[in-house]
Amino acid sequence: MSEDVVARRIIVVGTGLIGTSIGLAMRERGAEVLLVDRDAAALELAVELGAGEAMPDGAHEEPADLAVLAVPPAAVAVTLLDAQKRGLATAYTDVASVKALPLAQAAELGCDLTTFVAGHPLAGSERSGPAAARADLFLGRPWALCAPAEATPETVEAVTGLAQACGAMPVRVDAVEHDRAVALVSHGPHVVSAAVAARLTGADDVALGLSGQGVRDVTRIAASDPRLWIGILSANSAPVADVLEAVATDLAVAASLLRDGSEEAAAHVADLLLRGNAGRSRIPGKHGGDQPSYATVQVVIPDRPGELAMIFQAAGIAGVNIEDVAIEHSPGRPLGVLELAVVPEEAERLAAELRARGWSVPG
């Protein structure tokens, strides 16, 4: 996008994680951003964080170039109708993670779909609210665009420009196809994560004391706001139910086979694990395409300020790029194991540099 296209007047309705992050990103690109939210505290915090200015009364008299509706799926259509009646902008988009139902509701309410493109940036966190917002939240992330047939080319261009300005990769997709896709890769996994985490509510201290990174990885997204997620799941109920039924079938069969205890039964369970390996390998890598194979360099690190910074500095001195990082904490002890993913041919060079600087590197 050219700079004159980026430096526009934008209204963001809703100052949660996504809305505030869009405001921060667009402010960095020189846009004037006006913020609207019924929650005065959230609006005040978003303004304080630099995501924009609170929209004063009468600001809608001069329409903005784009209004972003950062509201739950159930509120998209009515918010769009109200915004269009008020003439807030010349083009509109939303960021809800469900697309088919809001589009159908907008059509039923009589919204002007020539000026609307449904959108969904596939970025976020288990944290919510403006305090969790980041200007770089969308960098390199897909941003689904579900344009209704009525949408004008100018509207599509404006919403595509928003995604690009935020650093995301716009992806044109049909609304129904989008909802089936996110049920598989986002909404269904969230419910599965919650189901695993729910088992921990009755766990005793022994089990909790033995918990490691595996259970933390599986249950991380279960920490998300249930009020937000019940709205998402309700709006995409049928596709999510399909995913959950398929997962439940796999789990029920695995449970039955494990109770059988025979070698033949174990082989069938192994098949599920192998299918899991195959499915996991199909998730695109950080640069898109196939996932590359990385070597892992483990470093024992004490829990003290500056330790991670010094390790990353050592990697830079060694000329090694850190592709990914994870920390395995040691319960009850002031140390942990840092796992650094690097390309295989650089692993030994990084390990040698870290050992030379006094860190314990197994292997």
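Heads up: these notes are all about the structure in this document. Fair warning: this is a prediction, and the values are worked out from it, not measured in the lab.

Thresholds applied
Residues numbered from 1 in each chain as written. Predicted model: local features only at pLDDT ≥ 70, side-chain atom pairs only at ≥ 80, totals over all residues. Heavy atoms only, no water. Helix = DSSP H or I, 4+ residues; strand = E, 2+ residues; numbered from the N terminus. Buried < 20%, exposed > 50% of the residue type's maximum accessible area, 1.4 Å probe, protein only. Contact = heavy atoms within 4.5 Å. Areas by Shrake-Rupley, 256 points an atom, 1.4 Å probe, with all protein chains shown as cover. Lys, Arg positive; Asp, Glu negative; His and termini not counted. Charge placed at Lys NZ, Arg CZ, Asp CG, Glu CD. Salt bridge = Lys/Arg side-chain N within 4 Å of Asp/Glu carboxyl O. Pairing = 2+ DSSP bridges. Core = buried A, V, L, I, M, F, W, Y, C linked by side-chain atoms within 4.5 Å. Expected span 1.5 Å × (residues − 1). Axes fitted to C-alpha atoms, helices over the stretch in contact; angles between N-to-C directions. Left-handed = near helix turned anticlockwise from the far one by under 90°. Phe/Tyr/Trp six-rings, centres within 6.5 Å; stacked < 30°, edge-to-face > 60°. Right-handed = clockwise from strand over helix to strand, strands pointing away.

Things to note about the overall build of the protein
Right, on to step 1. When you go through the protein residue by residue, the secondary structure sums to 14 helices and eleven strands.
Right, on to step 2. Seen through its C-alpha atoms, the protein measures out along the principal axes to roughly 65 × 55 × 40 Å.
Right, on to step 3. Expressed as a percentage of the 363 residues in the protein, the buried residues total 38%.
Right, on to step 4. In the protein, 70% of the contacts between residues at least 6 apart in sequence involve partners at least 24 apart.
Right, on to step 5. Only carbon and sulfur atoms are counted for the fraction: they give 56% of the accessible area of the protein, which is about 19,400 Å².
Right, on to step 6. Charged side chains in the protein number 27 positive and 47 negative. The centres of these two groups are separated by 3 Å.

Concerning the pattern of salt bridges
Right, on to step 1. Under the criterion given, the structure shown has eleven salt bridges.
Right, on to step 2. Notably, a salt bridge pairs Asp-271 with Arg-275, separated by 3.4 Å at the nearest N-O pair. Taken together, the positions of Asp-271 and Arg-275, both in helix α12 (residues 263-281) and four residues apart, correspond to about one turn of that helix.
Right, on to step 3. Between Glu-307 and Arg-304 there is a salt bridge, and its shortest N-O distance comes to 2.8 Å.

Observations concerning the pairing of strand β6 (residues 116-121)
Right, on to step 1. For β6, the tally of buried residues reaches six of six residues, placing the bulk of the element in the interior.
Right, on to step 2. Side chains of β6 alternate between two faces, with Phe-116, Ala-118 and His-120 and Val-117, Gly-119 and Pro-121 buried alike.
Right, on to step 3. One ladder, built from two bridges, connects strand β5 (residues 92-94) with β6; its direction is parallel. Bridge assignment links Thr-93 to a residue of β6, and that residue is Val-117.

Some words on the side chain of Lys-99
Right, on to step 1. By the secondary structure assignment, Lys-99 is in the loop between β5 and α5 (100-109).
Right, on to step 2. For Lys-99, the residues in contact, after removing those within four places along its chain, are Asp-94, Ala-118, Gly-119, His-120, Cys-146, Ala-175, His-178 and Asp-179.

Examining the side chain of Thr-155
Right, on to step 1. As for its placement among the helices and strands, Thr-155 is situated in helix α6 (residues 153-165).
Right, on to step 2. Beyond its immediate sequence surroundings of up to four residues, Thr-155 is in contact with Ala-91, Thr-114, Thr-115, Phe-116 and Val-117.

Observations regarding the nonpolar core
Nonpolar side chains tend toward joint burial in soluble globular proteins.
Right, on to step 1. Ile-22, Met-26, Val-68, Phe-138, Trp-143, Leu-162 and Cys-166 are the most contacted members of the largest nonpolar core, which has 37 residues in total.
Right, on to step 2. For this core, the secondary-structure elements that each account for two or more residues are β1 (9-13), α2 (17-28), β2 (32-36), α3 (40-49), β4 (66-69), β7 (142-146) and α6.
Right, on to step 3. Leu-34, Ala-77, Ala-83 and Ala-175 belong to the second-largest nonpolar core, a separate cluster that totals 25 residues.

Notes on α6
One turn of an α-helix holds 3.6 residues; hence residues three or four places apart share an orientation.
Right, on to step 1. For α6, built from 13 residues, the straight-helix expectation of 18 Å at 1.5 Å per residue is met to within 8% by its first-to-last C-alpha distance of 18 Å.
Right, on to step 2. Buried within α6 we find Thr-155, Val-156, Ala-158, Val-159, Thr-160, Gly-161, Leu-162, Ala-163 and Ala-165.
Right, on to step 3. Immediately beyond the C-terminal end of α6, within one or two residues, lies Gly-167, with a positive phi of roughly 90°.

So, the packing of helix α11 (residues 237-260) against α12
Right, on to step 1. Across the interface, α11 lies against α12 with an axial gap of 8 Å and an inter-helix angle of 145°. Crossing handedness for the pair α11 and α12: left-handed. Where α11 abuts α12, its residues Asp-250, Ala-254, Leu-257, Leu-258 and Asp-260 lie against Ala-265, His-268, Val-269, Leu-272 and Arg-275.

A closer look at the sheet that holds β1
Right, on to step 1. The eight strands lie next to each other as β3-β2-β1-β4-β5-β6-β7-β8, forming an open sheet whose pairing is mixed. With partners counted over all chains shown, the strands left at the sheet margins are β3 (53-54) and β8 (169-172), one partner each.
Right, on to step 2. Bridge count for β7 against β8 is four bridges, and the pairing is parallel. Looking at the pairing, Ala-144 lines up with Val-171 of β8.

Regarding the packing of aromatic side chains
Between two aromatic rings, the relevant description is the distance of the centres plus the angle of the planes.
Right, on to step 1. For the coordinates displayed, the defined rule picks out one aromatic pair.
Right, on to step 2. Summarising the aromatic geometry, the rings of Phe-138 and Trp-143 are spaced 5.2 Å apart at their centres and angled 45° between planes, so their arrangement reads as tilted.

Looking at the pairing of β7
Right, on to step 1. Of all five residues making up β7, four are buried, and the element is well covered by its neighbours.
Right, on to step 2. In this structure, β6 lies alongside β7, joined through four bridges in antiparallel fashion. In the strand pairing of β7, His-120 is matched with Ala-144.
Right, on to step 3. For the crossover that starts at β7, traverses α6 and ends in the parallel β8, the hand is right-handed.

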